[in-house]
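In case you want the letters, here they are:
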Amino acid sequence: MQQFNVTGMSCAACSARVEKAVSKVEGVTSCSVSLLTNSMGVEGTASADAICKAVQEAGYGCAPKTAEAKAQTVSQDEEALKDHETPILKKRLFTSLGFLLGLMYISMGHTMWGWPAPKFLAENPAVNGLTQLLLTAIVMVINQKFFISGYKSLWHRAPNMDTLVALGSTAAFVYSTYALYAMLGDPAHAHHWLHEFYFESAAMILTLITLGKFLETRAKGKTGDAIRQLMDLAPKT
């Protein structure tokens, strides 16, 4: 069986698409993809180059495992199962949430909850809009992985959940930017255009999906911990 490392998978639909793409390669008799370890095992006579090409055309990264990687020890297997993604996602989540709360206060705090808006924002809709655009852009940069993965999958005609997130967030941001541009060109109706902003929607989409990814990754990490505990039960000699 040939072993491969597969990168770019984010959900079960991704691993299923990789399996489907590789199964169509001539000479492949069976294919098994592990989302937990980002690895793939392939049986058959197909070459490694043909298999990797199929994976890459599906929108994911692929590389054959080296002889050293195949001969790795149990301790290295356990290290591969450790949860390295949850701390990164946790940092992304709380950073995004901080900027989102500031954005929600500026855009909706005074209308929904009667909170006092800063004077320089309340009296200058253009500055209000520019501040919202800046905060939203920061959240989008923090969560740029959604856009990279989503549009890359769309380019390969294999849209996934990241594609939906990227399109929804982009649509809200682009329309709001258009409304801001219209406001700057029509100061007399600035307050009308202020209600056409959906910057908070773009940031909210990204933050909520990041929360979902964080919960999913944490559950995945707990599964890896359970597997490592089972491996610890194996006799060392």
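These numbers come from a predicted model, not from an experiment.

Re the state of the cysteines
All chains considered together, the criterion is met by 0 disulfides. Unpaired in terms of disulfides, Cys-31 finds its nearest cysteine sulfur in Cys-62, a separation of 9.4 Å. The exposure class assigned to Cys-31 is buried, which follows from its relative accessible area of 16%. Here Cys-62 is not disulfide-linked; the sulfur of Cys-52 is the nearest cysteine sulfur, at 3.1 Å. Judged by relative accessible area, Cys-62 falls into the buried class, the value being 12%.

A word on a positive patch on the surface
Together, Arg-17, Lys-20, Lys-24 and Arg-157 give the surface a local cluster of positive charge. If you trace the backbone, Arg-157 turns up in the loop between α8 (144-155) and α9 (161-185).

Some words on the nonpolar core
Membership of the largest hydrophobic core comes to 26 residues, with the highest contact counts inside it found for Met-183, Phe-197 and Leu-206. When contributions to this core are tallied by element, the ones reaching two or more residues are α5 (85-112), α7 (125-142), α8, α9, α10 (190-194) and α11 (199-232). Ranked by the residues each element gives to this core, the list is headed by α9, at 8 residues. Excluding residues within four positions of it along the chain, Met-183 makes contact with Pro-125, Ala-126, Ala-190, Trp-193, Leu-194 and Phe-197. Counting 21 residues, the second largest nonpolar core, distinct from the first, contains Met-9, Cys-14, Ile-51 and Val-55.

Focus: the packing of α9 against α11
Between two packed helices, what matters for the description is the angle formed by their axes and the separation of those axes. Orientation of α9 relative to α11, taken along the N-to-C sense of each, is 160°, at an axis distance of 7 Å. In terms of their interaxial angle, α9 and α11 are classed as roughly antiparallel. Every pair of crossing elements has a handedness; the one defined by α9 and α11 is left-handed. Only Phe-199, Ser-201, Ala-202, Ile-205, Leu-206, Ile-209 and Lys-213 of α11 make contact with α9, whose side of the interface consists of Met-161, Asp-162, Val-165, Gly-168, Ser-169, Ala-172, Phe-173, Ser-176 and Thr-177. The class makeup of the residues in the contact of α9 with α11 is 9 nonpolar, 5 polar and 2 charged.

Looking at the environment of Ala-21
Mapping Ala-21 onto the fold places it in helix α1 (residues 12-23). Sequence spacing of Ala-21 and Val-55 is 34 residues, and the spatial spacing of their C-alpha atoms is 6.5 Å. Look past the residues within four positions of Ala-21 in its chain and what remains in contact with it is Ala-54 and Ala-58.

Concerning the sheet that holds strand β4 (residues 61-64)
In spatial order, the strands read β2-β3-β1-β4; together these 4 strands make up an open sheet with antiparallel pairing. Of all strands in the sheet, those with a lone pairing partner are β2 (28-34) and β4, marking the two edges. Taken over all neighbouring pairs, the strand axes of this sheet differ in orientation by 25° on average, direction set aside. Note that strand β1 (residues 2-7) and strand β3 (residues 39-44) share 4 bridges and pair antiparallel. Across the sheet, residue Phe-4 finds its bridge partner in β3, namely Met-40.

A word on α11
Its 34 residues give α11 an end-to-end C-alpha distance of 49 Å, which sits within 8% of 50 Å, the value for a rise of 1.5 Å per residue. Those residues of α11 lying buried are Phe-199, Glu-200, Ala-202, Ala-203, Leu-206, Thr-207, Thr-210, Lys-213, Phe-214, Thr-217, Gly-221 and Gly-224.

Structural notes on the packing of α8 against α9
In contact at an axis separation of 7 Å, α8 and α9 are set at 110° when each is read in the N-to-C sense. When the axes of α8 and α9 are compared, the pair comes out roughly perpendicular. For α8 against α9, the interelement crossing comes out left-handed. Note on element contacts: α9 touches α8 through Asp-162, Thr-163, Val-165, Ala-166, Leu-167, Ser-169 and Thr-170, opposite Phe-146, Phe-147, Ser-149, Gly-150, Tyr-151, Ser-153 and Leu-154. For the contact of α8 with α9, the residue count by class is 7 nonpolar, 6 polar and 1 charged.

What counts and how
- Residues numbered from 1 in each chain as written.
- Predicted model: local features only at pLDDT ≥ 70, side-chain atom pairs only at ≥ 80, totals over all residues.
- Heavy atoms only, no water.
- Disulfide = S-S within 2.5 Å.
- Buried < 20%, exposed > 50% of the residue type's maximum accessible area, 1.4 Å probe, protein only.
- Patch = residues over 30% accessible without salt bridge, like charges linked within 9 Å, V, L, I, M, F, W, Y side chains within 5 Å.
- Areas by Shrake-Rupley, 256 points an atom, 1.4 Å probe, with all protein chains shown as cover.
- Salt bridge = Lys/Arg side-chain N within 4 Å of Asp/Glu carboxyl O.
- Lys, Arg positive; Asp, Glu negative; His and termini not counted.
- Charge placed at Lys NZ, Arg CZ, Asp CG, Glu CD.
- Helix = DSSP H or I, 4+ residues; strand = E, 2+ residues; numbered from the N terminus.
- Core = buried A, V, L, I, M, F, W, Y, C linked by side-chain atoms within 4.5 Å.
- Contact = heavy atoms within 4.5 Å.
- Axes fitted to C-alpha atoms, helices over the stretch in contact; angles between N-to-C directions.
- Parallel < 35°, antiparallel > 145°, perpendicular 65-115°, else oblique.
- Left-handed = near helix turned anticlockwise from the far one by under 90°.
- Nonpolar A, V, L, I, M, F, W, Y, C, P; charged D, E, K, R; others polar.
- Pairing = 2+ DSSP bridges.
- Expected span 1.5 Å × (residues − 1).

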